[in-house]
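Below are the chains, spelled out letter by letter.
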Amino acid sequence: MNPLRNTLRLAAMYAIAAACLAHSFSAHADGGKRVPDHPAWKQECGSCHVAYPPRLLSADSWRAVMAGLDRHFGADASLEPAARDDILAFLERNAGRRDTSAGGRPLLRVTQTRWFVKEHRDEVPAEVLRRPDVKSFANCGACHSGADRGVYAERDIRIPGGRPR
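Residues numbered from 1 in each chain as written. Predicted model: local features only at pLDDT ≥ 70, side-chain atom pairs only at ≥ 80, totals over all residues. Heavy atoms only, no water.

Trainee: An account of the pattern of salt bridges is requested, with residue identities and associated values reported.
Mentor: Scanning the model with the defined rule gives nine salt bridges in all. For Asp 85, the salt bridge is made with Arg 84, and the minimal N-O distance between the two is 3.3 Å. For Asp 85, a relative accessible area of 42% gives the class partly exposed. With a relative accessible area of 29%, Arg 84 lands in the partly exposed category. Between Asp 133 and Arg 131 there is a salt bridge whose closest N-O contact spans 3.1 Å. Under the relative-accessibility criterion, Asp 133 is labelled partly exposed at 43%. Put simply, Asp 60, Arg 63 and Glu 92 are held in one network by salt bridges that share partners. (Salt bridge = Lys/Arg side-chain N within 4 Å of Asp/Glu carboxyl O. Buried < 20%, exposed > 50% of the residue type's maximum accessible area, 1.4 Å probe, protein only.)

Given below as structure tokens:
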């Protein structure tokens, strides 16, 4: 056996392992919850509110939301069929696996899901929601400074008028 060849082979294996590890850390630095990029979704959904990460609702819930865009929480958010279908396909591909239904019907609001209620209802004082710069739980950017980029890391939470978490 050639010692130089073995050394080079071992060095190559270490380099590959290091590259894989580095990629893993960069891809999952936010806990593996990075929001996939989809320009039409960001543009259309993000023009009125934060473009909610698809993983926050199940595919059934996203289908129900997209089916009712003509009466989307008091607004007509209708889209051209091609854009609607493209965004729906993106949402379905990246939807969460948690059940986001109640009483056999898909929930339409992220803020009504069991996960959201558990994470937020006891953590955010009612007076925070009364602030004019917050108004409701739907205003993710009020506390999550990276919401517009799909970053919801605990370390980046700043509750207005409260202590950083």
